[in-house]
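Tertiary structure, described
The chain contents come next:
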Amino acid sequence: MRFTLGKPIFTLLLAAAASGVAVWRQPAAPRADLVIWSFSEPHIVTLRDSPRIPGGGRSPSLLDRFHLRTGLTADVSLMGQTGENIRLASAFMSGSSGPSVPDLCEIEINSIGQFLRPPVDDIGLLPLNDFLQKSGWDTRIISSRFAPWSKIDPRTGRRIIYGIPEDVHPITITYRRDLFDQAGIDPRQAGTWSRFQELSLEFQQYWANHGHAERRAIALSTNSSDELLEMLLQRHINLIDSSDRLHFTDSKLLETLVFYAQMIAGPRAVAADPSPGFEWTEQFDRGDVCAVCSPDWKADYLREFTPDLAGKIAMMPLPRFDPGDAPTSTLGGTMVGICRTCPNPQRAWDLLEFLFLSPESHRAAVAEGDDVLPAIPEYWTDPAYHAPDAFFSGGQSIGDLYVSLASRIPERVVTPYTLQAELALAVVLHRAVEYLAAHGSADGLNNICAVWLAEAQDDIHRRIDFGNIQP
């Protein structure tokens, strides 16, 4: 039996083949003089979009203005965070250069550790100390925020900075003022975490007596160590410091862990696990949990997903354990850096400085509605951060609160082994919760947690020793 395509199908195949040849022969668009990789769509919008001018019209975008000033073209590519990490790691390990490698890249704080593992001279990012000192930005950027993006040179003890911080992310507590007021309790009177727990128990008892036995005072993680780590940072404790010393056996870490475990399990529990994704906003809206730890980027989620709470919520600093603790902590963060293989680092620095540090870049971010505080204190006087906020009770200016706390954020250190250390701490926390569930009290919890923490420290020590790359 003979098979034929038929004239219509044959015509379509010819057309497809012709168009394929045309596309193949079409030259690729020329690469811009400078290319940035980013995982953040909002950041790209700020760089690429032309901001609106009051009264109508638009002004040139930041990228266009850089071109007008320097004659250089620049472009930014959006990619998923995992994809960017893989491509950067591949480029850094292979020493690749050329059009396939960016000149600048943005990296998220939970990803930076993997890029800091090699000796300081072999890290795929360019040291920025000289650029910072010559330009004066080394003293204009909040110094504590350089810590996650740097590494200590063991030969000299000098801190080598590989990234410019774009944010600060101070943390507050946002709470359901309407529900706390109904219970006759003001959480702002809790100067310490222990007092906060006492008031939370009173709050929960009130609502249990009024038909809401399931209501919890605050959302705290039971399956991850995020909020526990925030409390440890308040106490100026990093699991691994910048010299790769481990602090699992620090007495304050043990004290904080045991206290935190009793906030989320046992007879003195005042917390419920936050739902994943954005579902925690539904918990907060329903009143299942009545307070959340809130870095500055989290406030916008409440406006977007819980509009019915307008006027019903308020914000306060974090309670402390000791007078010397910080009244805030930090969560999240992004840096921008220059790839070591960049053919013209000075041009790349000029672009970085204009797009991420200049007054023009700050005004563009504010115009896009970006409420995140930059890591440059001189910009914190912007009226955008000090206006009354109608979404919060009494028009509270949460920007004022975040600004007052930003200069006091504790230093967060990130090393190649920080993520493993955080996972190890989460395991110890899980075991502590299981202990409380099994025993019904905290008797003996302190001693057994001390053993578990020592075991975790020994395990992380072995991992560091095994994976250490000698210079």
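Located above this text is the structure these notes cover.
What comes next concerns the included structure. (Residues numbered from 1 in each chain as written. Predicted model: local features only at pLDDT ≥ 70, side-chain atom pairs only at ≥ 80, totals over all residues. Heavy atoms only, no water.)

Section: the overall build of the protein chain
Along its length, the protein chain carries 18 helices and 12 strands. Over its C-alpha atoms, taken along the principal directions, the protein chain stretches across nearly 80 × 75 × 55 Å. Going through the 471 residues of the protein chain one by one, you find that 49% of them count as buried. At a minimum sequence separation of 6, the contacts of the protein chain that also span at least 24 residues come to 75%. Of the roughly 22000 Å² of accessible surface on the protein chain, a fraction of 54% belongs to carbon and sulfur atoms. Charged side chains in the protein chain number 41 positive and 58 negative. The centres of these two groups are separated by 4 Å. (Helix = DSSP H or I, 4+ residues; strand = E, 2+ residues; numbered from the N terminus. Buried < 20%, exposed > 50% of the residue type's maximum accessible area, 1.4 Å probe, protein only. Contact = heavy atoms within 4.5 Å. Areas by Shrake-Rupley, 256 points an atom, 1.4 Å probe, with all protein chains shown as cover. Lys, Arg positive; Asp, Glu negative; His and termini not counted. Charge placed at Lys NZ, Arg CZ, Asp CG, Glu CD.)

With respect to the packing of helix α3 (residues 62-70) against helix α14 (residues 345-357)
Following both chains from N to C, one finds α3 and α14 inclined at 135 degrees, their axes separated by 10 Å at the closest point. Classed by the angle they form, the pair α3 and α14 counts as oblique. Here the hand of the crossing between α3 and α14 comes out right-handed. Facing L62, L63, R65, F66 and R69 of α3, the residues of α14 in contact are R347, D350, L351, F354 and L355. The class makeup of the residues in the contact of α3 with α14 is 6 nonpolar, no polar and 4 charged. (Axes fitted to C-alpha atoms, helices over the stretch in contact; angles between N-to-C directions. Parallel < 35°, antiparallel > 145°, perpendicular 65-115°, else oblique. Left-handed = near helix turned anticlockwise from the far one by under 90°. Nonpolar A, V, L, I, M, F, W, Y, C, P; charged D, E, K, R; others polar.)

Here we look at the packing of helix α10 (residues 226-234) against helix α17 (residues 418-439)
Packed helix pairs are specified by the crossing angle of their axes together with the interaxial distance, meaning the distance between the axes. Interhelical geometry of α10 versus α17 gives an angle of 110 degrees and a closest axis separation of 10 Å. In terms of their interaxial angle, α10 and α17 are classed as roughly perpendicular. For the pair formed by α10 and α17, the contact residues are L228, L229 and L232 on the first element and E422, L425 and L429 on the second.

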